[in-house]
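Per-entry structural report
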Amino acid sequence: MADAKPISLTRFLLEQQRDQGRINADLRLLIEVVARACKRISIAVGKGALGGVLGNAGTDNVQGEAQKKLDVLSNEILLEANEWGGHLAALASEEMDDPHPIPHRYPKGEYLLVFDPLDGSSNIDVNISVGTIFSVLRCPADIEPGEQAFLQAGTRQVAAGYAVYGSSTVLVLTLGDGVHAFTLDREQGTFLLTQSDMRIPEQTSEFAINMSNLRHWEPPMRQYIEELLAGRTGVRERDFNMRWVASMVADVHRILTRGGIFIYPRDMKDPDKPGKLRLMYEANPMAMIVEQAGGAATDGRLRILDIQPEKLHERVAVFLGSKDEVERVTRYHREAAT
Ligand code: P6P
């Protein structure tokens, strides 16, 4: 018999609620709404220069980075899609200094949504894959849904996912029971399940890092990379390959698909910044996805999901992907600290 037709995201989520009891109606609605918003973002990204949305918006985000027009548009799409559904207590985004409360005219729900609406902005104008990253937490019952409510360790996430806007648009999702990929069927406008229970190989010969920062790295970081570059002539006794898209979503999707290690280490370029990537809406959701797929994710010393956030936009060093490599480079950092 021909392969059964892939099921839609809607059916998958309904079965997770009805048959598995894994999610409730509000979380099902939340994921559906985020997926619909990602479809709209995919359409805007896909228009490129024809959509009049390339280039800078003329504003800076809380990180002091110039916002692209598509950053601002993607953020607005996610806010508008989510604020009326009654499933959220508040939203937070890389593009907004403070959390966005649900307007009084709408009912509030039990969940918090925190996201990077369009990750990889530096690639937007040169037609390289970008993506949306999102994380779902429960709002603590006893406090107002302001910044403090979001400051929960990554282990408290109830769901995480990303959409990668590449040659195809793929939504990757975990509800805490494995990682599943849904490819957008553009004719139907429907996300269809194309990969279930994705697994990251524990071993890899492929690493992803921005090598131009080498002179700023700490000694254990340089030791690890120098061993990879020595290849079969050094202690690793095999050659390695390197990729760096400079879009976390694209690099992580490749690692989720065929293995690898992604690294954005702390560097001495700016000792006040422990790394470039943000904990709440880049590192935590990606760490949940990677661990659910059998990989590992640390900040070079600690498991990322165990880190207790102190600020909504705090940064963290990120080592994630194939377990053996993440454990090795983390060991080098821990040994250097003793
Ligand atoms: P660099 C994109 O701006 C981003 O936040 C991640 O998606 C990506 O992995 C990283 O920064 C790229 O940083 O320093 O190589 O431009």
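Everything below is about the structure printed above this text.
So, here's what we can say about the structure.

About the cut-offs
Note that residues are indexed from 1 along each chain, following the sequence as it is written. Residues qualify for local features only when their pLDDT is at least 70, as the model is predicted, and side-chain atom pairs are given and counted only at 80 or more; totals for whole chains, interfaces and linings, by contrast, use all residues. The side-chain values count all of the structure's non-hydrogen atoms but skip hydrogen atoms and water molecules. Each salt bridge in this description consists of a side-chain nitrogen of Lys or Arg and a carboxyl oxygen of Asp or Glu lying within 4 Å of one another. Secondary structure counts use DSSP, requiring at least four H or I residues in a row for a helix and at least two E residues in a row for a strand, with both numbered from the N terminus. With a 1.4 Å probe rolled over the protein chains alone, any residue whose accessible area is under 20% of its type maximum counts as buried; one over 50% counts as exposed, and the rest are partly exposed. Distances are taken per atom, and a residue is near a molecule or strand as soon as one of its heavy atoms is within 4 Å of it. Pairs of N or O atoms within 3.5 Å make up the polar contacts considered here, provided that, within protein, one atom can donate a hydrogen while the other can accept it, and that residues adjacent in sequence are counted only when both atoms are side-chain atoms. Where accessible areas are quoted, they stem from the Shrake-Rupley method and a 1.4 Å probe; at the residue level, only the protein chains shown are allowed to cover.

A closer look at the pattern of salt bridges
The full count for this structure, using the stated rule, is 19 salt bridges. Here aspartate 125 and lysine 68 are joined by a salt bridge, their closest N and O atoms 3.1 Å apart. Residue aspartate 125 is located in the loop between β5 (111-119) and β6 (130-138), and its partner lysine 68 is located in strand β2 (residues 66-68); the two are separated by 57 residues in the primary sequence. A relative accessible area of 35% means that aspartate 125 is categorised as partly exposed. Judged by its relative accessible area of 16%, lysine 68 falls in the buried class. The closest approach of N and O atoms between arginine 232 and aspartate 239, which form a salt bridge, is 2.9 Å.

Some remarks on the site of the ligand
The immediate surroundings of the ligand are formed by 13 residues, with Asp119, Asn210, Trp244, Met248 and Tyr264 found nearest. Within the side chain of asparagine 210, one N or O atom sits 2.9 Å away from an oxygen atom of the ligand. One of the side-chain N or O atoms of tryptophan 244 is found 2.9 Å from an oxygen atom in the ligand. Summarising the interface, the protein chains cover 84% of the accessible area of the ligand, which totals 400 Å² for the free molecule.

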